[in-house]
Amino acid sequence: PDGAIWAGSLTALYRMEAGKVTRSAMPRGTTLTYRRGLAVDRSGTVWIATSTGLYRLASHGGALERMPIAGEPEAGVDGVAVAEHAVVIGVRQFVQ
């Protein structure tokens, strides 16, 4: 929402804005390999789709948090998008 560009690597997320790059390191033990998508909602929260689940990074330096997916707590997430009042994800397996 603020014009920043986000990118991910195996060990960090990067926020680029006005020529400045800010790195957010992943906490020890966090597995974010095979990132499949990033989306930012109106509040600035970054949503991260990975092969090991859905994560969110709260705006303004918050902690990275793994989000449970109903029915499939270990499901990989193939994509993520932000709608008006929802975060929409795509998964390969059926989630109840």
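Scoring rules and cut-offs
- Residues numbered from 1 in each chain as written.
- Predicted model: local features only at pLDDT ≥ 70, side-chain atom pairs only at ≥ 80, totals over all residues.
- Heavy atoms only, no water.
- Core = buried A, V, L, I, M, F, W, Y, C linked by side-chain atoms within 4.5 Å.
- Buried < 20%, exposed > 50% of the residue type's maximum accessible area, 1.4 Å probe, protein only.
- Contact = heavy atoms within 4.5 Å.
- Pairing = 2+ DSSP bridges.
- Helix = DSSP H or I, 4+ residues; strand = E, 2+ residues; numbered from the N terminus.
- Axes fitted to C-alpha atoms, helices over the stretch in contact; angles between N-to-C directions.

What about the nonpolar core?
Listed in full, the 9 residues of the largest apolar core are A39, W47, A49, L54, M67, I69, A75, V77 and V80. Once residues lying within four places of it in the same chain are set aside, the contact partners of A39 are T45, V46, W47, V80, A81 and V82. Core analysis: the second largest hydrophobic core is formed by 7 residues, L13, I48, Y55 and L64 among them.

Remarks on the sheet that holds strand 3 (residues 20-25)
Taken together, 3 strands build an open sheet; the order of strands is 1-2-3 and the sheet is antiparallel. Whereas interior strands pair on both sides, the edge strands pair on one side only; in this sheet they are strand 1 (5-8) and strand 3. Along the sheet, successive strands turn relative to each other by an average axial angle of 20°, direction set aside. Examined bridge by bridge, strand 1 and strand 2 (residues 12-17) share 4 bridges and lie antiparallel to one another. Opposite G8, over in strand 2, you have L13 as the bridge partner.

Digging into the environment of A75
Structurally, the position occupied by A75 is in the loop between strand 7 (64-67) and strand 8 (79-82). For the pair A75 and T50, spaced 25 residues apart in sequence, the C-alpha separation works out to 9.3 Å.

A word on the environment of A86
Here A86 lies in the loop between strand 8 and strand 9 (87-90). For the pair formed by A86 and D41, sequence separation is 45 residues and the distance between their alpha carbons is 9.0 Å.

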